[in-house]
Amino acid sequence: MASFLKSVETAPPNAIFKLTADYNKDPHKDKLNLGVGAYRDAEGKPWVLPVVLKAEAIITKDVAEGKINHEYLPIGGLPEFCRLSSEFAVGEDSIALKENRVLGVQCLSGTGALRTAGEFIANYSPCKTILSSDPTWANHKAIFERCHLEYGSYRYFDPVTKGLNFAAMCEDLRAAPNGATIVFHACAHNPTGVDPTIDQWKELSALCQEKSFFVIFDSAYLGFASGSPETDAAGIRLFVNAGIPLFVCQSYSKNFGLYNERVGNVVVVGPDADSTAATVSQLKILVRANWSNPPAFGARVVTITLGDPALRQEWFECLKLMSGRVQAMRQKLKAALIELGTPGTWDHITNQIGMFSFTGLTAAQVEYINKKYHIYMLSSGRANMCGLTEPTVPYFAKAIDDAVRNVQGKL
């Protein structure tokens, strides 16, 4: 009898998924879910990209005609997916590609990519320190600590300006051990929506070289942030062109809307072709012990889209539509707050980029908004701008205005 099971304590629920569960149970007619990190269309509904529907139809036809089947993929995933996905990250004209220093390993979305990268760092890096921004995606700490790495953070967000505290960021990075692993958000920083400028990326690149850092780019929003994959990948490509060895941990949940297909990739950019190939071989060993080989369907959707010029261009138009809607919601929310005369400055709403806005609301203000207005968001004040629609912006603005004026801890 496995008696030890009787001593197992029930784990607390995940904060984000609990928000959604609470939202779903709430009967209030004006309720809003601004917690979950998923795109919503102008009617507040999940959106299946039209280009994804076309790719899915091609897959269905190819299965029916016997061109593809449901046999296992290789351990490293669908080869064409890995190639196209890696090219998408570093750029088709990258010198690293021409020198055969770029390869990919398909993983279970960004989470699986980060976990695989973390296990590799734990096995092979002489320095076990890994740093991510403060704040960062909540799962970073859990993932890397379970890889038995020494997890820490560097300062990032300035609560006063609600922008990047670049001086403090650089100060903390300079104080980190030489050879440490540094995690950067490639674009659309989660949860703050605050990204470095291209000049700041250049400074960070030089600092990473000076400190012999290994770099991981967590890349969940390429193309979704600005509407331009080229713009959103600028930080990654600058580091690659500087010759810095790195991993890019890719997810296609947000920019393809493939949330439940778990499509991801670890892009390896090594110092030379041999070390890149050796690294990939060891990543495959880790994959074999974790999920053996990845699922095919979502990877085929991405492969078909990236590999067909017409579909690729159609996908770019979808990215522009999604990012444009998010930017429009930011502008309307800021305008509504200004019209209400809400105390504080609200430029950060439009200065930030991507799915999330770090509103600056305190935990007490968020709780007040939830109880009075039935609006669900994280206690940190992070709000999903995609969860807003034109009709709901005034309601959210009214809730913010009320909380800022009447709850201690005003902005």
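Above this text is the structure in question.
What counts and how
Residues numbered from 1 in each chain as written. Predicted model: local features only at pLDDT ≥ 70, side-chain atom pairs only at ≥ 80, totals over all residues. Heavy atoms only, no water. Axes fitted to C-alpha atoms, helices over the stretch in contact; angles between N-to-C directions. Helix = DSSP H or I, 4+ residues; strand = E, 2+ residues; numbered from the N terminus. Parallel < 35°, antiparallel > 145°, perpendicular 65-115°, else oblique. Contact = heavy atoms within 4.5 Å. Nonpolar A, V, L, I, M, F, W, Y, C, P; charged D, E, K, R; others polar. Core = buried A, V, L, I, M, F, W, Y, C linked by side-chain atoms within 4.5 Å. Buried < 20%, exposed > 50% of the residue type's maximum accessible area, 1.4 Å probe, protein only. Arc of directions from axis to C-beta. Pairing = 2+ DSSP bridges. Right-handed = clockwise from strand over helix to strand, strands pointing away. Disulfide = S-S within 2.5 Å. Phe/Tyr/Trp six-rings, centres within 6.5 Å; stacked < 30°, edge-to-face > 60°. Patch = residues over 30% accessible without salt bridge, like charges linked within 9 Å, V, L, I, M, F, W, Y side chains within 5 Å. Areas by Shrake-Rupley, 256 points an atom, 1.4 Å probe, with all protein chains shown as cover. Salt bridge = Lys/Arg side-chain N within 4 Å of Asp/Glu carboxyl O. Lys, Arg positive; Asp, Glu negative; His and termini not counted.

Asks: Would you explain the packing of helix α7 (residues 166-175) against helix α8 (residues 198-210) in this entry?
Replies: The relative placement of two packed helices comes down to the angle between their axes together with the axis-to-axis distance. In contact at an axis separation of 11 Å, α7 and α8 are set at 10 degrees when each is read in the N-to-C sense. As the angle between them shows, α7 and α8 are arranged roughly parallel. Contacts between α7 and α8 involve Phe166, Met169, Cys170, Leu173 and Arg174 from the former and Gln200, Glu203, Leu204 and Leu207 from the latter. Looking at the contact of α7 with α8, its residues break down into six nonpolar, one polar and two charged.

Asks: I tried to follow the nonpolar core on my own but got confused; where do I start?
Replies: The tendency in soluble globular proteins is for nonpolar side chains to be buried as a group. With 103 residues, the main nonpolar core has Phe184, Phe217, Phe239, Leu333, Ile375 and Phe396 as its most contacted residues. For this core, the element with the most residues is helix α14 (residues 309-340), which contributes 11 residues. Setting aside residues up to four positions removed in sequence, Leu333 forms contacts with Ile349, Met385, Leu388, Val393, Phe396, Ala397 and Ile400. By size, the runner-up hydrophobic cluster in this structure holds 26 residues, among which are Ala122, Phe214, Val266 and Val287.

Asks: What exactly am I supposed to notice about helix α16 (residues 363-373) here?
Replies: For an α-helix, 3.6 residues make a turn, and residues three or four places apart therefore share a direction. Listing the buried residues of α16 in full gives Gln365, Val366, Ile369 and Tyr373. All buried residues of α16 fall inside an arc of 100 degrees around its axis, so they share one side. Taken together, the buried residues of α16 touch β12 (375-376) and α17 (393-406). Positive backbone phi, approximately 60 degrees, marks His374, located one or two places after α16.

Asks: I'm lost on the pairing of strand β4 (residues 150-155) in this one. Help?
Replies: In summary, the side chains of a regular strand alternate between the two faces of the sheet. Bridging between strand β3 (residues 129-134) and β4 involves six bridges; their strand directions are parallel. Bridged to Ile130 within β4 is Tyr151. Between the parallel pair β3 and β4, the chain is carried across by helix α6 (residues 139-145), and the sense of this crossover is right-handed.

Asks: Sorry, what's going on with the state of the cysteines here?
Replies: Cysteine pairs can be covalently joined through their sulfur atoms, and such a bond is termed a disulfide. A complete count under the given rule lists zero disulfides for this structure. There is no disulfide at Cys187, and the cysteine sulfur nearest it, in Cys386, is 13 Å away. Not engaged in a disulfide, the cysteine Cys208 finds its nearest cysteine sulfur in Cys170; these two sulfurs lie 9.2 Å apart.

Asks: Which parts of the structure should I look at to understand the environment of Leu283?
Replies: The residue Leu283 is located in helix α12 (residues 273-290) in this model. Look at Leu283 and you get buried, because its relative accessible area is 0%. With 52 residues separating them in the primary sequence, Leu283 and Thr231 have C-alpha atoms 29 Å apart. Setting aside chain neighbours within four positions, we find Leu283 in contact with Val105, Thr116, Phe120, Val266 and Val268.

Asks: I keep staring at the packing of aromatic side chains and nothing clicks. Help me out?
Replies: Geometrically, a pair of aromatic rings is defined through the distance of the ring centres and the angle of the planes. Evaluation of the coordinates by the stated rule reveals 21 aromatic pairs. Between Phe184 and Phe217, the ring centres sit 5.9 Å apart and the planes meet at 40 degrees, which makes this aromatic pair tilted. Separated by 33 residues along the polypeptide, Phe184 in strand β7 (residues 181-185) and Phe217 in strand β8 (residues 214-219) bring together distant segments of the chain. Assigned by exposure class, Phe184 and Phe217 land together as buried. Summarising the aromatic geometry, the rings of Phe217 and Phe239 are spaced 5.1 Å apart at their centres and angled 90 degrees between planes, so their arrangement reads as edge-to-face. In this pair, Phe217 is assigned in strand β8 and Phe239 in helix α10 (residues 234-241), connecting sequence segments 22 residues apart. Looking at Phe217, the relative accessible area reads 0%, which means it is buried. Taken together through their ring pairs, the aromatic side chains of Phe81, Phe88, Tyr252, Phe256, Trp315 and Phe316 make up a single cluster.

Asks: Which parts of the structure should I look at to understand a nonpolar patch on the surface?
Replies: Taken together, the side chains of Phe4, Leu5 and Val8 make up a nonpolar region of the molecular surface, amounting to roughly 340 Å² of accessible area. Among the secondary structure elements, Phe4 is positioned in the segment before α1 (15-25). Assessed through its relative accessible area of 57%, Phe4 is described here as exposed.

Asks: I would appreciate a short explanation of the environment of Ala11 in the present structure.
Replies: Summarising the element assignment, Ala11 is placed in the segment before α1. For the pair formed by Ala11 and Pro177, sequence separation is 166 residues and the distance between their alpha carbons is 34 Å.

Asks: Whenever I open this one, the pattern of salt bridges confuses me. Can you help?
Replies: Opposite charge on two side chains lets them pair, provided their charged atoms get close. Enumeration over the complete set of coordinates arrives at 21 salt bridges. Close ionic contact of Asp22 with Lys18 constitutes a salt bridge, the shortest N to O distance being 2.8 Å. Of this pair, Asp22 and Lys18 both sit in helix α1, separated by four residues, roughly a single helical turn. Connected via shared salt-bridge partners are Lys18, Asp22 and Lys25.

Asks: I tried to follow the side chain of Lys254 on my own but got confused; where do I start?
Replies: Position of Lys254 among the secondary structure elements: in helix α11 (residues 253-256). Buried charge Lys254 goes without a salt bridge, the closest partner of opposite sign being Asp218 at 8.7 Å. Non-local contacts of Lys254, meaning those with residues more than four positions away in its chain, are made with Gly37, Ala220, Tyr221, Phe224, Tyr259, Met322 and Met355.

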